Protein chains: 2
Amino acid sequence: MEKGLLVVVSGPAGSGKGTVNHILLESPEYAFSVSATTRAPRPGEVDGVNYHYISVEDFQKRIDDDELLEYTCYCGNYYGTLRAQTEAALEAGKNLILEIEVEGALNVKRLCPEAVLIMLLPPSYAVQEQRLRGRATETEEVILRRLERTREEMEFLSHYDYVVYNYDGQAEACADRIRAIVQAEKSAMRRNPNAKKIFFETN
Amino acid sequence: MEKGLLVVVSGPAGSGKGTVNHILLESPEYAFSVSATTRAPRPGEVDGVNYHYISVEDFQKRIDDDELLEYTCYCGNYYGTLRAQTEAALEAGKNLILEIEVEGALNVKRLCPEAVLIMLLPPSYAVQEQRLRGRATETEEVILRRLERTREEMEFLSHYDYVVYNYDGQAEACADRIRAIVQAEKSAMRRNPNAKKIFFETN
């Protein structure tokens, strides 16, 4: 069986990455990586679905034991990806989606150079702003903070492997493009260094 | 409109590249590059379909005028790809398939670094030999020469960008993989160096 691919999907607020990732998860060959966190579950959140909720002591022990693929500390809480969970999914042939922030994405790339980094973007900053204002659920302050954060995130863009645009109403096409990227990566020569040997030695 | 991609497809005898390329050509976004040659048309061959048949003088003048993307001389005849034809197709958004030999492929890559090189392979050398013998239309000498040629061609494999396997009866899946590669390449960050600028400046 072809081994799964570690697929990091980042995207600013309004990029629609949640919608696109959920379309991908409809295929059995895709799975979602559930992060571990030390923050308390919020009402409605389920352990093992939204996050794996673990204690600070447990998290720190796992850091010491090198059990985390990447982690970060944000607002006093740890967030991270459990290596064992990731590897099991990849070995089972699942393409594992990690929906993480730009800093975490670059950490994953450093620790797992075989990961593929995809930045999902609204067609433009102007469209992004329209989308955020169109939600009408957030205060002006939150909207401005998100737009400012986007400016920071875009500084990381050149470290990504792919950029995919999510046009209005085109989430399916966007998911198709990500599927194409995953398929293509599996055929990349740099991922098949033994292709010649295998060609001559297989019956 | 998204510019087309120059897609070089090579593959040893028995890789099924003819079948796979014809599946790709069923989509309007793919076109085939018709080579120019100085050899005489064979019975049944049509000018502009199989090749553009031109004189040696004409071919040499085009070489001098830098009108050829790549060319080679084989058994005393010139074969080459006309640059003007290629560029017109790409500008029209067509993904242009060049079905060429390994040496020509590397020439294209040198002259057009934006070309993507795909090697189509039978699942193994053993399967290739079965396929060639199964045709039962070729002499033992021809079969052995083709297998020997494959050994030479495989020395170029590492210069290709992608390797795609054509399993028995799987030409459609193989064409799908090539389509995925073409889609993915269009989203590659290295092909979108102005993505950040475009994001902020587009309305």
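In what follows, the accompanying structure is described. As the structure is a prediction and not an experimental result, all values here were calculated from the model.

So, how was this worked out
Residues numbered from 1 in each chain as written. Chains lettered and ligands numbered in written order. Predicted model: local features only at pLDDT ≥ 70, side-chain atom pairs only at ≥ 80, totals over all residues. Heavy atoms only, no water. Least-squares fit on C-alpha atoms with pLDDT ≥ 70 in both. Contact = heavy atoms within 4.5 Å. Salt bridge = Lys/Arg side-chain N within 4 Å of Asp/Glu carboxyl O. Helix = DSSP H or I, 4+ residues; strand = E, 2+ residues; numbered from the N terminus. Buried < 20%, exposed > 50% of the residue type's maximum accessible area, 1.4 Å probe, protein only. Pairing = 2+ DSSP bridges. Axes fitted to C-alpha atoms, helices over the stretch in contact; angles between N-to-C directions. Phe/Tyr/Trp six-rings, centres within 6.5 Å; stacked < 30°, edge-to-face > 60°. Lys NZ or Arg CZ within 6 Å of the ring centre and 35° of its normal.

For these two chains of identical sequence, chain A goes onto chain B by a turn of 180° and a shift of 0.0 Å along the axis, with RMSD 0.0 Å. Those values place the two copies in the arrangement expected of a two-fold rotation axis. Ranked by how close their C-alpha atoms come to the rotation axis, the residues of chain A are headed by Ala-180 of chain A, at 2.2 Å. Both copies present the same face, since 100% of the interface residues in chain A are matched by interface residues at the equivalent positions in chain B.

Taken as a whole and judged by the stated rule, the model has 42 salt bridges over all chains. Glu-129 of chain A is the partner of Arg-133 of chain A in a salt bridge, and the nearest nitrogen-oxygen pair spans 3.1 Å. Of this pair, Arg-133 of chain A and Glu-129 of chain A are both found in helix 5 (residues 125–135), 4 residues apart, which corresponds to roughly one turn of the helix. Its relative accessible area of 35% is what places Arg-133 of chain A among the partly exposed residues. Lys-197 of chain B is paired through a salt bridge with Glu-201 of chain B; the nearest N and O atoms lie 3.0 Å apart. A residue pair is termed a helical-turn pair when its members lie 3 or 4 positions apart in one helix, as Lys-197 of chain B and Glu-201 of chain B do in helix 8 (residues 195–201) at 4 residues. You can call Glu-201 of chain B exposed: its relative accessible area is 54%. Taken together, the shared-partner salt bridges connect Glu-101, Glu-103, Arg-149, Glu-152 and Glu-153 of chain A into one network.

All names here are of chain B. The 5 strands lie next to each other as 2-7-1-8-9, forming an open sheet whose pairing is parallel. If you trace the sheet from one side to the other, it starts and ends with strand 2 (30–32) and strand 9 (162–165), each paired once. Looking at each pair of strands side by side, their axes are set apart by 30° on average, direction ignored. On the sheet, helix 1 (residues 17–24) packs against strand 1 (6–10), strand 2, strand 7 (95–99) and strand 8 (116–121) and is oriented at approximately 165° with respect to strand 7.

Residues and elements named next belong to chain A. Pairing within the open sheet is parallel, and its 5 strands lie in the order 2-7-1-8-9. The open sheet has two edge strands with one neighbour each: strand 2 (30–32) and strand 9 (162–165). Put simply, the sheet's adjacent strands are angled 30° from each other on average, direction ignored. Bridging between strand 1 (residues 6–10) and strand 8 (residues 116–121) involves 4 bridges; their strand directions are parallel. If you follow Ser-10 over to strand 8, its bridge partner there is Met-119. Against the sheet, helix 4 (residues 102–111) makes contact with strand 1, strand 7 (95–99) and strand 8, and its axis sits at roughly 160° relative to strand 1, the strand it touches most.

This brings us to the pairing of strand 8 of chain A. Residue and element names in this part refer to chain A. The buried fraction of strand 8 is high, at 6 of 6 residues. Residues of strand 8 alternate between two faces, with Val-116, Ile-118 and Leu-120 on one and Leu-117, Met-119 and Leu-121 on the opposite face, all of them buried. Where strand 8 meets strand 9, 4 bridges bridge the pair, whose relative direction is parallel. Its bridge partner lying in strand 9, Leu-120 is registered against Val-164.

Before going further, it helps to examine the packing of aromatic side chains. All names here are of chain A. Enumeration according to the criterion identifies 18 aromatic pairs over all chains in this entry. Their ring planes at 40° and their centres at 6.3 Å tell us that Tyr-165 and Tyr-167 sit as a pair that is tilted. With relative accessibility at 46%, the residue Tyr-167 sits in the partly exposed group. Over the ring of Tyr-125 we find Arg-151; its NZ or CZ atom is 4.7 Å from the centre of that ring.

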